[in-house]
Amino acid sequence: MHRIPALVAAAGALALLAGCGDDDAASGVEDGTRSDGTVVVVAEDVGFGADAYEAEAGTVSFEYVNEGAIPHTLVVEGVDDFKLSVGSRGDADEGDVELEAGSYQLICDVPGHEQAGMVAVLEVR
Ligand SMILES: [Cu+2]
């Protein structure tokens, strides 16, 4: 039942941002790969800002921004020693991870969040 306040808050945020001309209506942060190669991922309650992300093989830099109200994490499934955590709205975390080319899954490992839809594909080329 606590989804309802989150939806109300999201609607309020949308209303505030309406008309500012940003492509990403839910936040001022743009999901996806920046020109410098950093993969920017936005956390929402409960989901990621995009279904798929891309990166170049090698050292992949992530920036994780929380546009939701509750804590979220970012892990690359099957990859140890990499985890980003954001505690509340506006929090950001960043870090690097070595990835070979392949298809990976990004998930939030807070219990229940992956099942609720916090999962995205990461294609590393
Ligand atoms: Cu989460």
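About the thresholds
Residues numbered from 1 in each chain as written. Predicted model: local features only at pLDDT ≥ 70, side-chain atom pairs only at ≥ 80, totals over all residues. Heavy atoms only, no water. Helix = DSSP H or I, 4+ residues; strand = E, 2+ residues; numbered from the N terminus. Polar contact = N/O pair within 3.5 Å; in protein donor to acceptor, adjacent residues only side chain to side chain. Contact = heavy atoms within 4.5 Å. Pairing = 2+ DSSP bridges. Axes fitted to C-alpha atoms, helices over the stretch in contact; angles between N-to-C directions. Salt bridge = Lys/Arg side-chain N within 4 Å of Asp/Glu carboxyl O. Phe/Tyr/Trp six-rings, centres within 6.5 Å; stacked < 30°, edge-to-face > 60°. Buried < 20%, exposed > 50% of the residue type's maximum accessible area, 1.4 Å probe, protein only.

Peer 1: Now, about the environment of aspartate 81: what can you tell me, with residues and values included?
Peer 2: Here aspartate 81 lies in the loop between strand 6 (72-76) and strand 7 (84-86). For the pair aspartate 81 and valine 97, spaced 16 residues apart in the sequence, the C-alpha separation amounts to 8.4 Å.

Peer 1: Please set out the side chain of histidine 113 residue by residue, giving values where relevant.
Peer 2: Mapped onto the elements of the fold, histidine 113 is located in helix 2 (residues 113-116). At 3.1 Å, the side chain of histidine 113 and the side chain of histidine 72 are in polar contact. Setting aside chain neighbours within four positions, we find histidine 113 in contact with Val46, Ile70, Pro71, His72, Cys108 and Met118.

Peer 1: Tell me about the sheet that holds strand 9 (residues 102-107), residues and numbers included.
Peer 2: Taken in spatial order, the 5 strands of this open sheet run 4-10-9-6-7, and their pairing is mixed. What marks the edges here is a single partner per strand, and that holds for strand 4 (52-55) and strand 7. Looking at each pair of strands side by side, their axes are set apart by 20 degrees on average, direction ignored. As paired elements, strand 9 and strand 10 (residues 119-124) share 6 bridges and run antiparallel to each other. Bridge pairing links serine 103 to glutamate 123 in strand 10.

Peer 1: How would you summarise the pattern of salt bridges if you had to cite specific residues and measurements?
Peer 2: Going through the model one piece at a time under the given rule, you end up with 4 salt bridges. Ionic pairing is found between arginine 34 and aspartate 36, a salt bridge with its closest N-O pair at 3.3 Å. Here glutamate 63 makes a salt bridge to arginine 34, at a shortest N to O gap of 3.1 Å. Taken together, the residues glutamate 63 in strand 5 (residues 58-66) and arginine 34 in the loop between strand 1 (32-33) and strand 2 (39-44) connect sequence positions 29 residues apart.

Peer 1: An account of the packing of aromatic side chains is requested, with residue identities and associated values reported.
Peer 2: Taken as a whole and assessed by the stated rule, the structure comprises 2 aromatic pairs. Taking 5.3 Å as the distance between ring centres and 40 degrees as the angle between the ring planes, the aromatic pair formed by phenylalanine 62 and phenylalanine 82 counts as tilted. Residue phenylalanine 62 is located in strand 5, and its partner phenylalanine 82 is located in the loop between strand 6 and strand 7; the two are separated by 20 residues in the primary sequence.

Peer 1: For the pairing of strand 4, give the residues involved together with the corresponding values.
Peer 2: In strand 4, alternate side chains face the same way, and those of Tyr53 and Ala55 are buried while those of Ala52 and Glu54 on the opposite face are not. Pairing analysis gives 4 bridges linking strand 4 to strand 10, with the strands arranged parallel. Across the sheet, residue alanine 52 finds its bridge partner in strand 10, namely valine 121.

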